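As a plain string of letters, each chain reads:
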Amino acid sequence: MPTKITTELIKELRDATGISVMQCKNALAEAEGNLEKALAILKKTSSEIALKKVNREVKDGAVMIKIKDKKAVLVSLLCETDFVSRNNDFTVLLTSLADKAILLGIKKMREEAKDIIDSIIQKTGENIVLGDSYEISGKILGSYVHNNKIAVVVSLIGGNVALAKDIAMHIAAMKPEYLSSNEISNESRKTVTEIFQKEIANIDKPAEIKKKMLDGKINAYFKEKTLLDQLFIKNTDETIGKLLKKNKAKIKEIKRYSI
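Structural notes, computed from the coordinates. It should be emphasised that the depicted structure is a prediction, and the values quoted were computed from it without experimental measurement.

## Notes on the overall build of the protein
Moving on, step 1. A tally of regular secondary structure across the protein gives ten helices and eight strands.
Moving on, step 2. Expressed as a percentage of the 259 residues in the protein, the buried residues total 39%.
Moving on, step 3. Contacts spanning at least 24 positions in sequence make up 60% of the contacts within the protein whose residues lie at least 6 apart.
Moving on, step 4. Only carbon and sulfur atoms are counted for the fraction: they give 51% of the accessible area of the protein, which is about 15200 Å².

Dropping the structure here:
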């Protein structure tokens with residue numbers, strides 16, 4: 001005999017799923033008041049809705065960092081609009097995924113992510129996709145997140161957490177492409193050289209002067225894109241390289257991610 005669908009039963013199902021009252025009521029009606037069957041129906045519906053939205057472009061989202069026991073995880077979650085990325089359900093979902101990643105590891109988090117995500121897709125009406133996730137280890141870990149869109153984790157050998165946080169903030173703002181000049185490939189140097197050669201080709205100067213101008217432009221270009229050579233944004237009297245040396249620290253690993 002079907003169980004009577006009461007307000008209390010609908011509330012219990014809604015509290016368990018977070019899905020709208022009408023969807024919970026319909027699921028209970030289909031399940032003849034059986035709560036377990038209603039949960040299964042909603043789970044199936046969530047997957048079907050997610051499947052229908054899977055090809056819709058995700059160009060927004062948010063990123064989160066968690067640090068615990070000499071380990072940091074950076075987890076990103078993508079959606080269609082900034083409106084949903086600021087939605088409380090979306091934020092709770094991202095927090096849950098980041099907590100799982102720091103406690104169970106990124107692989108396990110990814111295995112469990114789909115069912116959780118599908119239910120939020122049903123609530124928000126947007127395609128939601130788990131983005132890139134990274135794990136960074138080290139004794140000294142610092143992080144910085146800007147506007148939930150840019151996240152940086154820095155692992156140091158030596159120094160302290162405050163220094164690692166300062167460098168993470170610098171990296172978020174300055175977007176270095178290289179850690180040191182040793183990372184600049186010959187191909188990159190060749191491409192940049194060709195660009196600046198065209199810029200000075202028609203300048204009426206002796207060859208040796210043009211050569212100095214070319215070298216100066218190339219050096220300035222790569223200095224702006226190399227972390228250790230960049231001027232520290234909180235103190236432009238010193239470079240990041242000098243800041244690290246002063247604090248007897250070295251960079252072990254860096255991860256920067258932006259949406």
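## Quick notes on the sheet that holds strand S8 (residues 250–258)
Moving on, step 1. Reading across from one edge, S4-S5-S8 is the order of the three strands in this open sheet, with antiparallel pairing throughout. Since the sheet does not close on itself, it has two edges, and those belong to strand S4 (140–146) and S8, each with one partner. Neighbouring strand axes in the sheet, compared pairwise and without regard to direction, differ in orientation by 10° on average.
Moving on, step 2. The strands that helix H7 (residues 161–174) touches are S4, strand S5 (150–157) and S8; relative to S4, the one it contacts most, it runs at about 35°.

## Considering the pairing of strand S1 (residues 60–68)
Moving on, step 1. In this sheet, strand S2 (residues 71–79) lies alongside S1 in antiparallel orientation, the contact comprising nine bridges. By the bridge assignment for S2, Gly61 is matched with Leu78.

## Structural notes on the packing of aromatic side chains
Moving on, step 1. A complete count under the given rule lists four aromatic pairs for this structure.
Moving on, step 2. Considering the side-chain rings of Phe196 and Tyr221, the 6.1 Å spacing of their centres and the 75° angle between planes classify their relative orientation as edge-to-face. Here Tyr221 lies in helix H9 (residues 207–225) and Phe196 lies in helix H8 (residues 186–200), a separation of 25 residues in the sequence.
Moving on, step 3. Phe196 sits in the buried class, given a relative accessible area of 12%.
Moving on, step 4. One aromatic cluster in this structure is built from Tyr178, Phe196, Tyr221 and Phe222.
Moving on, step 5. In this arrangement the basic side chain of Arg189 is found over the ring face of Phe222, its NZ or CZ atom lying 5.3 Å from the centre.
Moving on, step 6. Sitting above the plane of the Tyr134 ring, Lys255 keeps its charged end 4.2 Å from the centroid.

## Section: the packing of helix H5 (residues 88–104) against helix H6 (residues 106–124)
Moving on, step 1. The N-to-C vectors of H5 and H6 enclose an angle of 170°; their axes lie 9 Å apart at closest approach. By the criterion of interaxial angle, the relationship of H5 to H6 is roughly antiparallel. Crossing of H5 over H6 shows right-handed handedness. Across the interface between the two elements, Asp89, Leu93, Leu97, Lys100, Ala101 and Leu104 from H5 touch Ile106, Lys108, Met109, Glu112, Ala113, Ile116, Ile117, Ile120 and Lys123 from H6.
Moving on, step 2. When its residues are assigned to classes, the contact of H5 with H6 shows ten nonpolar, no polar and five charged.

Scoring rules and cut-offs
Residues numbered from 1 in each chain as written. Predicted model: local features only at pLDDT ≥ 70, side-chain atom pairs only at ≥ 80, totals over all residues. Heavy atoms only, no water. Helix = DSSP H or I, 4+ residues; strand = E, 2+ residues; numbered from the N terminus. Buried < 20%, exposed > 50% of the residue type's maximum accessible area, 1.4 Å probe, protein only. Contact = heavy atoms within 4.5 Å. Areas by Shrake-Rupley, 256 points an atom, 1.4 Å probe, with all protein chains shown as cover. Pairing = 2+ DSSP bridges. Axes fitted to C-alpha atoms, helices over the stretch in contact; angles between N-to-C directions. Phe/Tyr/Trp six-rings, centres within 6.5 Å; stacked < 30°, edge-to-face > 60°. Lys NZ or Arg CZ within 6 Å of the ring centre and 35° of its normal. Parallel < 35°, antiparallel > 145°, perpendicular 65-115°, else oblique. Left-handed = near helix turned anticlockwise from the far one by under 90°. Nonpolar A, V, L, I, M, F, W, Y, C, P; charged D, E, K, R; others polar.

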